[in-house]
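Chain by chain, the residues run as shown.
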Amino acid sequence: MTTVGAEAEKCDAGFYCISGAVRPDPTDGITGKICPAGGFCLKGATSISPCPTGYYNPEQGAKTSSSCITCLPGKYCAGSNNPEPTGSCQAGYYCPAGSTSPTMNAVAAGYYAPTGADFAIPCPRGTYQPSDRQAACIDCPAGAY
């Protein structure tokens, strides 16, 4: 924060001031820094505001929560301060946009989901799946369809 007369001015949005800043956009790492990817810094920030669970922010210098992006379909964003999605949804599960866990939604019998699926896929003709949470369907035995 810069002091002008008797009043301290606030750090610019997209930055955070630690202590003794003489500029509104400090980047020396001692008096302040640019807001890192994974969060955002409002005007006058003294710390990073995290993106909420289920969101991420790949850009540094974010100024508002609108910089946080909903986690991509087939991916999940656990925790907060994510600069990118945490990972892909596990096989046997599907993750719609905004998922917070790799096991967000288990697929039911008759369906399957490979790693990174964003919806349950019905078993195609000539295959079946009697169990939940499976990554693939099974070929029908001879004499059945």
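Draft legend 1. Local environment of the overall build of the chain. When helices and strands are counted, the chain shows zero helices and 16 strands. The C-alpha atoms of the chain give 23 Å as radius of gyration, which overshoots the globular expectation for 145 residues (15 Å, by more than 25%). Across its three principal axes, the chain shows a C-alpha extent of roughly 90 × 20 × 15 Å. Every one of the 145 residues in the chain was classed for burial, and the buried ones make up 29%. Sequence separation of at least 24 residues holds for 33% of the intrachain contacts in the chain that already meet a minimum separation of 6. Working note: accessible area of the chain is about 8200 Å², and carbon and sulfur atoms make up 53% of it. In the chain, which carries 8 positive and 10 negative side-chain charges, the distance between the mean positions of the two groups comes to 2 Å.

Draft legend 2. Representation of the environment of Thr46. Positionally, Thr46 belongs in the loop between β5 (39-40) and β6 (49-50). Residues Thr46 and Pro26, spaced 20 residues apart in sequence, show a C-alpha to C-alpha distance of 12 Å. Discounting residues that sit within four places of it in the chain, Thr46 has contacts with Tyr16 and Cys17.

Draft legend 3. Highlighting the state of the cysteines. All told, the structure shown has six disulfides when counted by the stated rule. Bridging Cys51 to Cys68, the disulfide has an S-S length of 2.1 Å. An S-S torsion of about -85 degrees defines the bridge between Cys51 and Cys68 as left-handed. Taken together, the positions of Cys51 in the loop between β6 and β7 (55-56) and Cys68 in the loop between β7 and β8 (69-70) put the pair 17 residues apart, joining distant regions of the chain. With relative accessibility at 0%, the residue Cys51 sits in the buried group. Put simply, Cys89 and Cys95 are joined by a disulfide, and their sulfur atoms are 2.3 Å apart. Measuring the twist about the S-S bond at about 75 degrees, one finds the Cys89-Cys95 disulfide to be right-handed. A single burial state applies to Cys89 and to Cys95, both of which are buried. Described in terms of the sequence order of its bonded cysteines, the disulfide pattern of the chain is 1-2, 3-4, 5-6, 7-8, 9-10, 11-12.

Draft legend 4. Spotlight on the side chain of Gln129. With respect to the helices, strands and loops of the structure, Gln129 is situated in the loop between β15 (127-128) and β16 (138-139). Residue classification places Gln129 among the buried positions, given a relative accessible area of 6%. With near-sequence residues (within four places) excluded, Gln129 lies in contact with Ala109, Gly110, Tyr111, Cys123, Gln134, Ala136, Cys137 and Ile138.

Draft legend 5. How the structure looks around the environment of Gly110. Inspection of the secondary structure puts Gly110 in the loop between β12 (105-106) and β13 (111-112). Apart from residues no more than four positions distant in its own chain, Gly110 is found in contact with Ile121, Pro122, Cys123 and Gln129.

Conventions we followed
Residues numbered from 1 in each chain as written. Predicted model: local features only at pLDDT ≥ 70, side-chain atom pairs only at ≥ 80, totals over all residues. Heavy atoms only, no water. Helix = DSSP H or I, 4+ residues; strand = E, 2+ residues; numbered from the N terminus. Rg over C-alpha atoms; globule rule 2.2 N^0.38 Å. Buried < 20%, exposed > 50% of the residue type's maximum accessible area, 1.4 Å probe, protein only. Contact = heavy atoms within 4.5 Å. Areas by Shrake-Rupley, 256 points an atom, 1.4 Å probe, with all protein chains shown as cover. Lys, Arg positive; Asp, Glu negative; His and termini not counted. Charge placed at Lys NZ, Arg CZ, Asp CG, Glu CD. Disulfide = S-S within 2.5 Å.

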